[in-house]
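Structure at a glance
The primary structure of each chain is shown beneath.
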Amino acid sequence: MDLNSILRNFVVSLVLGLVTGTAAPVPAPSVHAIAQAVDERYNRLRSLQAEFTEIYRGAGMERTESGTLWLKKPGKMRWEYRSPRDKLFLSDGKDAWFYVPGERQVRRTAVKKLDDLRSPLAFLLGKTRLEKELQGLSLASDVAPLAAGDVVLRGVPKSLADRVSQVLLEINPEHWISRILIEEVDGSVTEYRFTNQKENMAVPDQRFRFVVPDGVEVVQGELGP
């Protein structure tokens, strides 16, 4: 399973105005304006909670999982999977952990060594600029958004350019990122859909700390699916 970590900080008005009578059409916002607006929304957040659905397609298979995501400044994240089975991927900003309840091992790696598509998401809050992080950022006019009124942007993340061929971001009219679609150079696709996004919730730091269960061995190295 090729799991993910990607991009932060976005906001702006996506006015796809309903024009009435003799009113002049409202010009479509520029990529720069959209990116700036999304940046502004996420930069002012201290924490974010959302429900997520993760869809992976590759190697002749498709897998769908879902759960709850928490992000908190600086660089903390917790992906709590509930369906089809429980598992946990979290980072306290220094170390990242992957654990499946009931297993006898938990995997740990330093965040700076983490090669996971989910990891950049931890830095969405507070400092990322879309136009800086995504090369060739443009409107993906050939891609239909999942929801009417949304806008889809396309770019290539500089930090993952050797692994990712393109990233699509679907931005809703409230300037939330509602979907991230990551196409890798090997042809696999990982898609994240976010709903029920809540900003600046009180999230204790303990939620991002992993306590090793009794009898569970800590294994250093790459994190798993």
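For the structure itself, look to the data block above.
Throughout, a residue's number is its position along its own chain's written sequence, starting from 1. Note on the predicted model: pLDDT of at least 70 is required for a residue's local features to be given, and 80 or more for side-chain atom pairs to be given and counted; whole-chain, interface and lining totals, by contrast, use all residues. Water and hydrogen atoms were dropped before computing side-chain values, which therefore reflect all heavy atoms in the structure.

**Description of the side chain of Glu 170**
- Comment: elements are numbered from the N terminus, with helices defined as DSSP H or I runs of at least four residues and strands as E runs of at least two. Here Glu 170 lies in strand E11 (residues 164-171).
- For Glu 170, a relative accessible area of 1% gives the class buried.
- In this structure Glu 170 touches Pro 145, Leu 146, Ala 147, Asp 150, Val 151, Val 152, Trp 176, Ile 177, Ser 178 and Arg 179, once residues within four positions along its chain are discounted. Burial classes follow relative accessibility: with a 1.4 Å probe on protein chains only, a residue under 20% of its type's maximum area counts as buried, one over 50% as exposed, and anything between as partly exposed. In what follows, a contact means two residues having at least one pair of non-hydrogen atoms within 4.5 Å.

**Regarding the packing of aromatic side chains**
- Centre distance within 6.5 Å is the pairing criterion for rings of Phe, Tyr and Trp, where only the six-membered ring of Trp is used; planes under 30 degrees apart are then read as stacked, over 60 as edge-to-face, and the remainder as tilted. Within the structure shown, the criterion is met by seven aromatic pairs.
- Ring centres of Tyr 42 and Trp 176 lie 5.6 Å apart, and the angle between their planes is 90°; this geometry places the pair in the edge-to-face category. Residue Tyr 42 is found in helix H1 (residues 31-43), and its partner Trp 176 is found in the loop between E11 and strand E12 (177-184); the two are separated by 134 residues along the sequence. Each member of the pair, Tyr 42 as well as Trp 176, carries the same accessibility label: buried.
- Ring centres of Phe 52 and Tyr 81 lie 5.1 Å apart, and the angle between their planes is 85°; this geometry places the pair in the edge-to-face category. With Phe 52 in strand E2 (residues 47-58) and Tyr 81 in strand E4 (residues 76-83), this pair connects stretches of sequence that are 29 residues apart. Comparing Phe 52 with Tyr 81, the two get one shared label, buried.
- Think of it as a cone above the ring: NZ of Lys or CZ of Arg counts as a charge over the ring if it is within 6 Å of the ring centre and within 35 degrees of the ring normal. A cation over an aromatic ring shows up here: Arg 41 above the ring of Trp 176, its NZ or CZ 4.2 Å from the ring centre.
- Here the guanidinium or amino end of Lys 87 rests over the ring plane of Tyr 81, the centre of that ring lying 4.9 Å away.

**Side note on the sheet that holds E4**
- The pairing criterion for strands is at least two bridges between them, as found by DSSP. Reading across from one edge, E9-E10-E11-E12-E13-E2-E3-E4-E5-E6-E7-E14 is the order of the 12 strands in this open sheet, with mixed pairing throughout. One side of each edge strand has no neighbouring strand; the edge strands of this open sheet are strand E9 (134-139) and strand E14 (217-220). Each neighbouring strand pair of the sheet contributes to a mean axis angle of 20°, computed without reference to strand direction.
- As paired strands, E9 and strand E10 (residues 151-157) are joined by four bridges and run antiparallel to one another. Following the sheet pairing, Ser 138 is matched in E10 by Arg 154. Axes here refer to lines fitted to C-alpha atoms; in helices the fit is confined to the stretch in contact. Angles between the N-to-C directions go from 0 to 180 degrees.

**Some points on the environment of Ser 159**
- For Ser 159, the position within the fold is in the loop between E10 and E11.
- Ser 159 sits in the exposed class, given a relative accessible area of 55%.
- Considering only alpha carbons, one finds Ser 159 and Glu 133, 26 residues apart in sequence, at a separation of 7.8 Å.

**Brief notes about the pairing of E10**
- Among the seven residues in E10, five count as buried, and that is most of the element.
- Pairing between E10 and E11: five bridges, direction antiparallel. Within E11, the position partnered with Arg 154 by the bridge is Leu 168.
- Here E10 hands over to E11 after six residues, the two strands then running antiparallel side by side.

**Here's the deal with the environment of Glu 103**
- Residue placement: Glu 103 occurs in the loop between strand E6 (95-99) and strand E7 (105-110).
- When its relative accessible area of 35% is taken as the criterion, Glu 103 is described as partly exposed.
- With near-sequence residues (within four places) excluded, Glu 103 lies in contact with Arg 85 and Val 216.

**Some words on the nonpolar core**
- Counting residues in each nonpolar core, the largest one holds 36 residues, and the members touching the most others are Trp 79, Leu 130, Leu 169, Ile 180 and Phe 194.
- With five residues, H1 is the single largest residue contributor to this core.
- Throughout, nonpolar core names a set of buried Ala, Val, Leu, Ile, Met, Phe, Trp, Tyr and Cys residues whose side chains join them through atoms within 4.5 Å. Core analysis: the next-biggest nonpolar cluster, separate from the first, contains seven residues, Leu 88, Leu 90, Val 106 and Phe 210 among them.

**Structural notes on the pattern of salt bridges**
- One speaks of a salt bridge when a side-chain nitrogen belonging to Lys or Arg is within 4 Å of a carboxyl oxygen belonging to Asp or Glu. Here the structure, examined in full by the defined rule, presents 14 salt bridges.
- For Arg 82, the salt bridge is made with Glu 51, and the minimal N-O distance between the two is 2.9 Å. Taken together, the positions of Arg 82 in strand E4 and Glu 51 in strand E2 put the pair 31 residues apart, joining distant regions of the chain.
- Close ionic contact of Glu 170 with Arg 179 constitutes a salt bridge, the shortest N to O distance being 2.9 Å. Judged on exposure class, the residue Glu 170 and its partner Arg 179 are both buried.

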